[in-house]
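# Close look at the chain arrangement
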Amino acid sequence: MSSQFELAQNPTDPISAVKFSPNTPTRLLVSSWDKNVYLYDTHAEPGGKLLQKYEHRAPVLDVCFGRDDNEAFSCGLDWDVRRIDLTTGEQTVLSTHTAGVRNVVFSIPHNLVVSSSWDSTLHVHDLSNSTKHSTIKLPSKAFSMSASPTKLVVAMASRAVNIYELETLATAAQKASEVDVKPWQQRESSMKYMTRAVACMPNDAGYASSSIEGRVAVEWFDPSEESQSRKYAFKCHRQNIDGQDVVYPVHALTFHPVHGTFASGGGDGVAALWDGVHKRRIRQYQRFPSSVQALAFSGDGKYFAIGVSPGYEDGIDDVPEDGAIKVFIRELSSTEALGKKK
Amino acid sequence: MTKKRKRYPDLQQKLERPWCYYCERDFDDLKILISHQKAKHFKCDRCGRRLNTAGGLQVHMTQVHKENLQFVENSVAGRQGLEVEIFGMEGVPPEVLDEHNQLVTHQHFEEEAQRAKITGNPVRGLLTNGASGSHKRERVKEELEEIMVHVDQWREDRMNGVIIAPPVQHIVAPPFAAGQPFPPNGAAFPAHFGGQPPMNGARPGSVPALPQRPSYGAPAQAPPGATAISASVDELISHVQGATTEAPTEKKSKKDKHNVRMVFNDDRISPEEKMAALPKYVEFSRS
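Residues numbered from 1 in each chain as written. Chains lettered and ligands numbered in written order. Predicted model: local features only at pLDDT ≥ 70, side-chain atom pairs only at ≥ 80, totals over all residues. Heavy atoms only, no water.

Put simply, the rule reads: UniProt positions are given in the numbering used here, feature names are shortened, and annotations may be inferred rather than shown by experiment.
Chain B carries the name C2H2-type domain-containing protein in an unreviewed UniProt entry, which gives Massariosphaeria phaeospora as its organism. Quoted verbatim from the Subcellular location (unreviewed entry) field of UniProt, the annotation for chain B is "Nucleus".

As named in an unreviewed UniProt entry, chain A is WD40-repeat-containing domain protein, taken from Massariosphaeria phaeospora.

Structure representation (structure tokens):
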């Protein structure tokens, strides 16, 4: 369908993240294992226009927009958390972890950059004083992180999940040292296997998490029993091949900023839209040529970016060289991501 | 009036059900199938208009939205093409129809066998077509003295803890369903019969009216049929208990283990960490 196209200039190695600018719905950042961050204008010309490329020292694991369209933050295997000036291309190191840095998020209301790393720490940077940062110890290696307007959810190894209040983190960031911050809530994943991704609901009510065993769980922040009993998990991204159930990891989750529905992307190369409230699948897209590693909705909810690349799989020693590495952009019709009407 | 639906429809009824070429789902009624196809496969995702066929949708897309439809939404692999013109059950290629019928037939017999195993009832049709009526018990004609002899024999056996099972033809069928004549040699008897042989207390929730199982001491002396019967009784008991408690979940998890392959399975090291350790990337990561 012509409402879906792929970007003309794609990274050469697997994609780790795709992020739309919250302000401009056609401005897209893509981070890749080829050590670059790419900035596109997706609709400047057919196939999108590559505006600029920002080279790093090591593979980049995550990227996000900052205070405006010209600021970005990135992190990766060089242990650094960087600020990138997208107009000049100038990079400044905000802090350095002691292992690879998996995720970086920026909270607009709190003016806070948080990075999570395999060294089992969070670094919080208050941008009004960006030369200093605070370090917060985590119980385990961080695997995924997502922020809602007031909360920050960190999913870790050993199925641990910590929920922080951004307000508390902002206060902690002022101290600019190693601080011991108690999470607002500490949970165990409701799934049996390793947590792969988390994404917070835009309405601040809860979050969705996914595991390596083709499953997605939806939970609510509210600790009351009534809200907790609403949590559920479901199977997805599985395929029956010759009578054998092949179960794929669910690599990516993201919520639609307007409708509150969410999308999941899996190792089977399928992206699906779900209505978390009514527990329904809205639609499932045609299989992509390789695993779906990253997903993003644009700030106005009109575009849907799908980062597709071969990922690590058991029993394969290297990432396949010939697998498709592409970013697809889908223009959503007004009702495409809309859940069931009330 | 629609036909009354049976709980377990027979093969013919299953084969007659209309089904959707694009997603293999089956329906009670052709009308429902058509509205399903219009809603799931022939609906325009731009304006929500429901067309009658894939070709119709394609024309609609080009004329109204200037877009080019390339595949049918929500369809299974291999059935996404726009070349076949489908409307309800019309236009389904004969080979696909054949394939579907075979699948339905296969599933039907599998289900029947499964149900026979669970309920212990004979597979439908086996009793009525006369071909395999051999398991119908022959009428036993015995004089009173002969019966007395059997009873004495049984009493003596019971004292010694021996349980003699009759030859069993159908392991899946329950050895003695209610209403069948009492077995002549008195081998197995209903549990409510006085004076039970020792029981191995492993199943506290044992169900009344089920044949008693031999004690663990017995099998050494029991004829070969006994193990078969005890196996089938075990199965029966577990099925009956399973109806209330754990057996189904147990069965499911077993099935899962057999038939599942996880593409990635590690509970400590994430895919990214493994990827970072590949020779291709390891040189760039700090250490």
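Picking up after the structure, the text goes on.
### Observations regarding the overall build of chain A
Applicable threshold: Each helix is a run of DSSP H or I of at least 4 residues and each strand a run of E of at least 2, with the numbering of both proceeding from the N terminus. Throughout, a residue-residue contact means that at least one pair of heavy atoms, one from each residue, lies within 4.5 Å.
Scanning chain A for helices and strands turns up 2 helices and 31 strands. Partitioning the intrachain contacts of chain A with sequence separation of at least 6 by distance along the chain shows that 47% fall at a separation of at least 24.

### Topic: the overall build of chain B
Note the following rule: Burial classes: relative accessible area under 20% of the type maximum marks a residue as buried, over 50% as exposed, and values in between as partly exposed (1.4 Å probe, protein chains only). Residue-level accessible areas treat just the shown protein chains as cover; the underlying method is Shrake-Rupley with a 1.4 Å probe.
For chain B, the helix and strand inventory stands at 9 helices and 1 strand. Among the 287 residues that make up chain B, the fraction classed as buried is 31%. Partitioning the contacts of chain B with sequence separation of at least 6, the portion at a separation of at least 24 is 48%. Per element, the accessible surface of chain B, about 18900 Å² overall, is 55% carbon and sulfur.

### Some thoughts on the nonpolar core
Note the threshold: Definition of nonpolar core: a set of buried residues of the types Ala, Val, Leu, Ile, Met, Phe, Trp, Tyr and Cys, connected through side-chain atoms within 4.5 Å.
Formed by 21 residues in total, the largest nonpolar core has its most connected members in V114, L122, I136, L152, V154, Y164 and L169 of chain A. Residue assignment for this core shows that the elements contributing at least two residues are β11 (112-117), β12 (121-126), β14 (142-147), β15 (151-156), β16 (160-165) and α1 (166-175) of chain A. For this core, the element with the highest residue contribution is α1 of chain A, accounting for 5 residues. Once you skip the residues sitting within four places of it in the chain, L122 of chain A turns out to touch H97, V114, S115, S116, S134, T135, I136, L138, M145, L152, V154 and Y164 of chain A. With 19 residues, the next largest nonpolar core counts C20, A54, I86 and V96 of chain B among its residues.

### Notes on the sheet that holds strand β10 (residues 101-107) of chain A
Residue and element names in this part refer to chain A. Put simply, the rule reads: Two strands qualify as a pair provided DSSP detects at least 2 bridges between them.
Strand order across the open sheet formed by 5 strands is β10-β11-β12-β13-β17, with mixed pairing between neighbours. The open sheet has two free edges, formed respectively by β10 and β17 (178-179), since each of these has just one partner strand. Where strand β13 (residues 134-137) meets β17, 2 bridges bridge the pair, whose relative direction is parallel. Across the sheet, the residue bridging to T135 is E178, located in β17.

### Brief notes about the interface of chain A and chain B
Stated formally: Accessible-area loss on putting two parts together, using a 1.4 Å probe and summing over both, is the definition of buried area adopted here. Salt bridges, as used here, are contacts in which a Lys or Arg side-chain nitrogen is within 4 Å of a carboxyl oxygen on Asp or Glu. In the analysis that follows, any N or O atom pair within 3.5 Å is treated as a polar contact, provided that within protein one partner can donate a hydrogen and the other can accept it, and provided that, for residues neighboring in sequence, both atoms belong to side chains. Lys, Arg, Asp and Glu make up the charged group, whereas Ala, Val, Leu, Ile, Met, Phe, Trp, Tyr, Cys and Pro make up the nonpolar group; the residues left over, Gly among them, are polar.
Contact residues are listed per partner, giving 47 residues for chain A and 35 residues for chain B. Between chain A and chain B, the buried area comes to about 4000 Å², and carbon and sulfur atoms account for 56% of it. In this assembly, chain A and chain B are joined by 4 salt bridges. When the shortest N-O distance is used, the salt bridge between E272 of chain B and R196 of chain A registers 2.9 Å. Seen at the junction of chain A and chain B, the total is 10 residue pairs in polar contact (both at pLDDT 80 or more). It is strand β24 (residues 244-247) of chain A that contributes the most residues to the side of chain A that touches chain B, 4 residues altogether. Of the residues belonging to the side of chain A that touches chain B, the class tally is 20 nonpolar, 8 polar and 19 charged. Pairing of β24 of chain A with strand β1 (residues 260-262) of chain B involves 3 bridges; the strand directions are parallel. Looking at β1 of chain B, one finds that V246 of chain A is bridged to R261 of chain B.

### Regarding the side chain of D126 of chain A
All names here are of chain A. Spelled out, the test is: None of His or the chain ends enter the tally, which takes Lys and Arg as positive and Asp and Glu as negative.
Within the secondary structure, D126 is located in strand β12. Here D126 occupies a buried position and makes no salt bridge, while the nearest side chain of opposite charge, R67, is found at 7.6 Å. Among the polar contacts listed, one links the side chain of D126 to the side chain of S128, at a separation of 2.9 Å. In terms of polar contacts, D126 uses its side chain to reach the side chain of Q174, at 2.9 Å. What D126 contacts, discounting residues up to four positions off in sequence, is N111, L112, A173 and Q174.

### Observations concerning the environment of A8 of chain A
Residue and element names in this part refer to chain A. Along the chain, A8 falls in the loop between β1 (4-6) and β2 (15-20). Owing to a relative accessible area of 57%, A8 belongs among the exposed residues under this scheme. Measuring from C-alpha to C-alpha, the distance between A8 and T42 comes to 9.8 Å, with 34 residues separating the pair along the chain.

### Notes on α1 of chain A
All names here are of chain A. Counted only if it meets this: By arc we mean the arc of the directions from the helix axis to the C-beta atoms, nothing more.
What α1 keeps buried is the set L166, L169, A170, A172 and A173. When α1 is viewed along its axis, its buried side chains cluster within an angular range of 165 degrees and face the same direction. What points out from α1, more than 90 degrees from its buried face, is the exposed set E167, T171, Q174 and K175. Two residues or fewer after α1 comes A176, characterised by a positive phi angle close to 55 degrees.

### With respect to the pairing of strand β4 (residues 36-41) of chain A
The side chains of a regular strand alternate between the sheet's two faces. Residues and elements named next belong to chain A. Burial within β4 is extensive, with 5 of its 6 residues counted as buried. Examined bridge by bridge, strand β3 (residues 27-32) and β4 share 5 bridges and lie antiparallel to one another. Pairing of S31 across the sheet is with V37, part of β4. Connecting β3 to the antiparallel partner β4 that follows it, the hairpin turn spans 3 residues, and K35 within it adopts a positive phi of roughly 75 degrees. In terms of strand pairing, β4 meets strand β5 (residues 49-55) through 6 bridges, oriented antiparallel. Paired with Y38 across the two strands is K53, which belongs to β5.

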